[in-house]
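# Chains, contacts and geometry: an overview
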Amino acid sequence: MKRFFSSIISYLVLATALAACGSNVKLQDVPVEDRSASSSQADADAAAAAARGVAPVQIGASDSSAAGPVNTAKIIYFDFDSFVVKPEFQSVIEAHARYLTANKSRRMAIEGHTDESGGREYNLALGQKRAEAVRRALGLLGVTDSQVEAVSFGKEKPAVAGFDQESMARNRRAELNYR
């Protein structure tokens, strides 16, 4: 009888532990929150930072050195369900590689994007493969791995809204952003 009660207690402890580990948060339905500040809020934040003696960080400032190579595209487009860099974008990659090898202190983030086709996980993986393909192409031209970061946004940040072929084609891209 003692063994029976110890078994029941063991099962209750195990059930309680498993219930405590559970969560009712659905991972597929993660809410996206827009945290971009309005211009009046940004101005108030900048004034408060200045009062504390902290210099504000300028995002998207007109610093020409942050722009990268002059007169060079910063978007590479891909075919449907592909992460192969097209030959017509080779000159774009070469220009960015020349710039990065000449400016070893510069850093770049390559953002992989997809169209609305497919599921969330698939598109995140495809966007990552697109960003990695561009990163590898730059690496073959002498850019160090420490200068480039590849990230994926999947279908979360479309460049163009719409489900027509032209809109979908413009969303299948990798964006090159200097820091």
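Residues numbered from 1 in each chain as written. Predicted model: local features only at pLDDT ≥ 70, side-chain atom pairs only at ≥ 80, totals over all residues. Heavy atoms only, no water.

## Here we look at the pairing of strand 4 (residues 173-178)
Summarising burial for strand 4: five of the six residues are buried, a large majority. By the bridge criterion, three bridges tie strand 1 (residues 75-77) to strand 4 in an arrangement that is antiparallel. Opposite I75, over in strand 4, you have E175 as the bridge partner. (Buried < 20%, exposed > 50% of the residue type's maximum accessible area, 1.4 Å probe, protein only. Helix = DSSP H or I, 4+ residues; strand = E, 2+ residues; numbered from the N terminus. Pairing = 2+ DSSP bridges.)

## Topic: the nonpolar core
Counting residues in each nonpolar core, the largest one holds 20 residues, and the members touching the most others are I76, M108, I110, V134 and L138. When residues of this core are traced back to their parent elements, those giving at least two are helix 3 (90-102), strand 2 (108-113), helix 4 (120-140), strand 3 (148-154) and strand 4. If one sorts the elements of this core by residue count, helix 3 sits on top with five residues. Look past the residues within four positions of I110 in its chain and what remains in contact with it is A131, V134, R135, L138, V148, E149, A150, V151, A174, E175 and L176. (Core = buried A, V, L, I, M, F, W, Y, C linked by side-chain atoms within 4.5 Å. Contact = heavy atoms within 4.5 Å.)

## What to know about the sheet that holds strand 3
Read across the sheet, four strands follow the order 1-4-2-3 without closing on themselves; strand pairing throughout is mixed. Of all the strands in the sheet, just strand 1 and strand 3 have a single pairing partner and so form its edges. Each adjacent strand pair in this sheet contributes to an overall mean axis angle of 20°, direction not counted. When strand 2 meets strand 3, the two strands line up parallel, connected through six bridges. Its bridge partner being in strand 3, A109 is matched across the sheet by E149. Packed on one face of the sheet, helix 4 meets strand 1, strand 2, strand 3 and strand 4 and runs near 155° to strand 3. (Axes fitted to C-alpha atoms, helices over the stretch in contact; angles between N-to-C directions.)

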